[in-house]
Amino acid sequence: MKKYFIIILSTIFSALMLGFVYDDEPLEKILAHLEIYRLGYPQEKVHIHLDKPYYAIGDNIWFKAYVVNAEKNELSNLSKILYVELINDKDSIKKSLKIPLKMGLTWGDFMLSDSLREGNYRIRAYTTWMRNFGEDYFFDKTIVIGNSISTSVLTQVNYTYSKDPRGQKVSAKINYSDMAGKPLSNKEVNYFVDLDFRSILKGKGMTDSMGNLQVTFVNNQPFILKSGRISTSIKLDEKQSVNKIFPIKSTSNESSVQFFPESGDLVNGISSRVGFKALSSDGLGIKISGFISNQNNERLTEFSSEHAGMGHFRIIPQITDTYTAHITFEDGSVKTYPLPKVKALGYVLSVINTTPDDLKIKISTNETTNTEEEITLIAQSNGIVYFVSKNKLTSSTFNASIPKKRFPTGILQLTLFSAKNEPVAERLVFINHSDFLQIDLKGDKQEYGKREKVKLILDAKDPEGKPTQGSFSLAILDESKVPFNEADETTIISNLLLSSDLKGFIEQPNYYFDEVNEDKVRQLDILMLTQGWRRFEWKNILANNYPPIIFQPETNLQVSGKVTTATGRPVVGGKVTLFSASGDVFMLDTLTNANGEFKFDNLYFNDSTKFVIQARNEKDRKNVEIFVDRIPEQLVTKNKNEAMLEINVNRSMLGYLKNSRSQFDELRRYGMIQRNILLDEVKIVERKAEVKNSSNLNGAGRADAIIKADQLQNCFDLAMCLQGRVAGLIIRNNMAYLMRSMAASFSGPIPMQVVVDGVILGPEFLSVVNVQDIESVEVLRSIANTAIYGSSGGGGVLIINTKRGQVNNNYRSYAPGVLSYKPQGFFKAREFYAPNYDDPSINAKIPDLRTTIYWNPNVVSDSTGKASIEFFNSDGTGNYKAIIEGININGTIGRKIVRYSVK
């Protein structure tokens, strides 16, 4: 109660500072609810700046992350750790990075190895604290990764749709050709169709003389199965087959049109704007036109769509009428849709946001109200209340103007409360003061030569024109090799100010910020009519229905857990030792508390570090159990940006891939890249035993003997099972010895060392390893195999590899009081390589075909707003494109594109 009272006081104080406060207890409670949410549930946003919009296998994805608090877009100091993931089109995480944040900033990279296949991928980024508020808040961007190195097949798929008595019929015409465009005719193709991971069709076919293959299937569950993929394997010859996958974004060509009355409802007798959005079956906007009629077929108003299938019209609805929209699509087809039902009573909040200085507000109602009753209008942005107004409705309408200068740039939420303090109407508007950083990037000249040094000077100023300190990321691209539409980009401005605060998919978010004009201002306002707010809902806030806090902000790496007895009782005052078995080397110890809990915090270790945790009770006995605290992994949900999936991956970026292939071939030619050579078929008459999950330092399977799991099926004690199974090995006191060791040693026999999953546990732990967990045992007897283990392997080594693959199986207990643990450590970012052509040792004969000419995620302007950058051009000619974006110490963001010419 004390905390609640303090928050109310804080709210009232904030209201006084803004110039509005009323002696009104219900209003104060509304504001207090909002302040509780703002203070108790601070929000974070993430923006990722990628060096370019698409990639090829063999590239690196370079990125910089900006984590800001949602309240004012200032750099966040709440979370200190960021997770960045690369997710494939099967919603499987292929790479995951854990990166330390410093004042909300960090950077890293993904190396695209040849183990990945071409296709659509997602970059997802979030903090642990953000998980409390749902995946909608995460940064999530779809990118395309092509392949020109290990494939020589180009494909093109076209879908046609029709109706079938069994459901929705889809015909896919797939064309196969080589890189030169020659059809791959008369080739055998195996194909597999799945929708939402359910198998629909399997088959085999042959390409025709033009390299075409027809695949037809029927979706008989269209309300359940929405999208999927066609997986194909084309047989080029007896030795080589190439796999290709094609997304299925929809199984019909049915378009949809949705209608959104301004502020929520159509109300009897009140003139209202109605926004609409027309989408094709693939989720992208389409052009439409049409008119509205009533039940008497009277034409009331006409309309047509603007950007991305969105538009609006005005209507005065009557409770006695029903309304129908008659839609004409681009192909000439016509379809009708009913408008939302008209409410008998209610409020309409109308906003005109096309004037530069003021918001024009009109409140209308048909409810019979007491002239002494007051309605309340609250305007807030990211949880901060900037305007409150209480007025008596002496008539059915009320008009007002609110200066836009009262509000920050971004989405403003206007909510109308009735005299009973219930939210009755809501409207989103976008305020754009264009108060972004003034970024200038100048070169020492406008035109350069190939491989010439370029010197750029960054000049950063705040919106008032004063020099400012800031952190920026800079990418220089050869635009002839990496062309793209700026409207399609996810920029620091479009993401932090728009996309991160609206529900659902937004088509071309940067369109509204690139070369702004009157049309785009109007179209952005239409977007506000048709997209939903997602940060919070008033009905939940007023009902004290706040999101449950499950995850706390991560401020450092830590290892924590609990030690218990075999019966589950906490071990109090027990000693716990943490030491690294690989990676960063250190050892720490601590004591358990009254609940048997322990914690090692403020750790710093890389992502290759493995730990061994050892625990003893207060009497220094090891018969205890160790349980490690783990944060559950974040689930991967369906891609919300499915509309952005590229169906023809390689074809869509053919120019880029041809350059990538040329670059690869030149580097291989000069010995800079090794490539496997296809040999003639060799008949294998004997195969070496495959060893999974091996930690053998000599390499998997490089051992004198290997015992597999199937040979241990009836064993209960590993020590006894090894007796008689390995030549020259005997068991004494539950420890393994080699006979040569017992015979040759003058100081007594030396037992064989026991290594479990790379962790040296010691000879005495042989009998306490659970046999059912063992995948294989590699026995090292000879000096050639034990030498790599040094003196610890003098008596021989037993490499025990355990079964893995279980979800979250990053730790395992092999014996009471000992546990192996491999948490995810920090990723260390690689440094972008840029050649220095002033260095005479560089081989000038190697063609420089780079696409990303320069990448610097840490360009920092000084107190004068200046920073200098130097790099060398490649051999490419034409326009080079410099893209820089960043944030200053006050949370002001900016982006700038500059071009220069290379002859």
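Conventions we followed
- Residues numbered from 1 in each chain as written.
- Predicted model: local features only at pLDDT ≥ 70, side-chain atom pairs only at ≥ 80, totals over all residues.
- Heavy atoms only, no water.
- Helix = DSSP H or I, 4+ residues; strand = E, 2+ residues; numbered from the N terminus.
- Buried < 20%, exposed > 50% of the residue type's maximum accessible area, 1.4 Å probe, protein only.
- Contact = heavy atoms within 4.5 Å.
- Areas by Shrake-Rupley, 256 points an atom, 1.4 Å probe, with all protein chains shown as cover.
- Pairing = 2+ DSSP bridges.
- Salt bridge = Lys/Arg side-chain N within 4 Å of Asp/Glu carboxyl O.
- Expected span 1.5 Å × (residues − 1).
- Polar contact = N/O pair within 3.5 Å; in protein donor to acceptor, adjacent residues only side chain to side chain.
- Core = buried A, V, L, I, M, F, W, Y, C linked by side-chain atoms within 4.5 Å.
- Axes fitted to C-alpha atoms, helices over the stretch in contact; angles between N-to-C directions.
- pLDDT = per-residue confidence, 0-100.

## A closer look at the overall build of the protein
And then number 1: A tally of helices and strands in the protein yields 10 helices and 54 strands.
And then number 2: For the protein, the residues scored as buried account for 51% of the 903 residues in total.
And then number 3: Pairs at least 24 residues apart make up 68% of the contacts formed inside the protein by residues separated by at least 6 positions.
And then number 4: Accessible area for the protein stands at about 42,500 Å²; split by element, carbon and sulfur atoms hold 49% of it.

## Points about the sheet that holds strand β51 (residues 852-860)
And then number 1: Read from one edge of the open sheet, five strands run β33-β54-β53-β35-β51, paired in mixed fashion. Two strands close off the open sheet at either side, each with one partner strand: β33 (447-448) and β51.
And then number 2: One ladder, built from six bridges, connects strand β35 (residues 470-478) with β51; its direction is antiparallel. Residue pairing across strands places Phe472 opposite Val859, the latter belonging to β51.

## Regarding the pairing of strand β22 (residues 323-329)
And then number 1: For β22, the tally of buried residues reaches five of seven residues, placing the bulk of the element in the interior.
And then number 2: Bridge count for β22 against strand β23 (residues 334-338) is five bridges, and the pairing is antiparallel. Paired with Thr328 across the two strands is Val334, which belongs to β23.
And then number 3: The antiparallel hairpin formed by β22 and β23 contains four residues in its connecting segment, where Gly332 sits at a positive phi of about 95°.

## Some remarks on the pattern of salt bridges
And then number 1: Scanning the model with the defined rule gives 38 salt bridges in all.
And then number 2: A salt bridge links Asp440 to Lys442; the nearest nitrogen and oxygen atoms lie 3.7 Å apart.
And then number 3: Overall, Asp440 belongs to the partly exposed group, its relative accessible area being 26%.
And then number 4: A residue is classified by how much of its surface remains accessible, and Lys442, at 53% relative accessible area, is exposed.
And then number 5: Between Lys466 and Glu464 there is a salt bridge, with its nearest N and O atoms 3.7 Å apart.
And then number 6: For Glu464, a relative accessible area of 64% gives the class exposed.
And then number 7: Linked by salt bridges that have partners in common, Glu85, Asp91, Arg122, Arg124, Glu135 and Asp140 make up one network.

## As for helix α7 (residues 654-669)
And then number 1: In this model α7 runs 22 Å from its N-terminal to its C-terminal C-alpha over 16 residues, within 8% of the 22 Å that 1.5 Å per residue would give.
And then number 2: Taken residue by residue, α7 has Leu654, Tyr656, Leu657, Asn659, Ser660, Phe664 and Glu666 as its buried positions.
And then number 3: Close packing links the buried residues of α7 with β2 (54-56), β8 (139-146), β9 (153-164) and α6 (649-652).
And then number 4: Gly671 lies just past α7 and shows a positive phi near 75°.

## Describing helix α4 (residues 518-530)
And then number 1: Its 13 residues give α4 an end-to-end C-alpha distance of 19 Å, which sits within 8% of 18 Å, the value for a rise of 1.5 Å per residue.
And then number 2: Those residues of α4 that fall on the buried side of the exposure criterion are Lys520, Gln523, Leu524, Asp525, Ile526, Leu527, Met528, Leu529 and Thr530.
And then number 3: For α4, the secondary structure elements touched by its buried residues are β16 (256-261), β18 (272-279), β21 (310-315), β30 (410-417) and β31 (423-431).
And then number 4: Between the side-chain oxygen of the N-cap and the backbone nitrogen of Asp519 there are 3.1 Å, and the N-cap of α4 in question is Asn517.

## A short note on the side chain of Thr564
And then number 1: Topologically, Thr564 is positioned in strand β36 (residues 557-564).
And then number 2: The residues touching Thr564, leaving out its near neighbours within four places in the chain, are Arg569, Pro570, Val571, Val624, Glu625 and Phe627.

## Comments concerning the nonpolar core
And then number 1: Formed by 57 residues in total, the largest nonpolar core has its most connected members in Ile61, Leu86, Ile123, Ile143 and Ile613.
And then number 2: Tallying contributions element by element places strand β4 (residues 81-87) first for this core, with five residues.
And then number 3: Every residue in contact with Ile61, bar those within four places of it in the chain, is listed here: Leu50, Asp51, Tyr55, Leu86, Gly108, Asp109, Phe110, Leu112, Ile123 and Ile143.

## Side note on the sheet that holds strand β6 (residues 105-111)
Picture the strands of a sheet paired through backbone hydrogen bonds; they go either parallel or antiparallel.
And then number 1: Strands sit in the order β1-β3-β6 across an open sheet of three strands; the sheet is antiparallel. Because the sheet does not close on itself, it has two edges, and the strands there are β1 (44-50) and β6. Each neighbouring strand pair of the sheet contributes to a mean axis angle of 25°, computed without reference to strand direction.
And then number 2: Strand direction decides the pairing type here: strand β3 (residues 60-69) and β6, joined by seven bridges, are antiparallel. Across the sheet, residue Lys64 finds its bridge partner in β6, namely Trp107.

## What to know about the side chain of Ser901
And then number 1: Here Ser901 lies in strand β54 (residues 893-902).
And then number 2: Relative accessible area serves as the criterion here: at 17%, Ser901 is assigned to the buried category.
And then number 3: Ignoring sequence-local partners within four residues, the contact set of Ser901 consists of Gln446, Glu447, Tyr448, Gly878 and Asn879.

## As for the confidence of the model for the protein
And then number 1: Of all residues in the protein, 92% have pLDDT values of 70 or greater, and the mean over the chain is 88.
And then number 2: Every residue in residues 1-23 scores below 50 in pLDDT, and together they form 31 contacts with partners more than four places removed in sequence or on other chains.
And then number 3: Contacts of residues 674-687 to residues separated by more than four positions or lying in other chains number five contacts, the stretch itself having pLDDT below 50.

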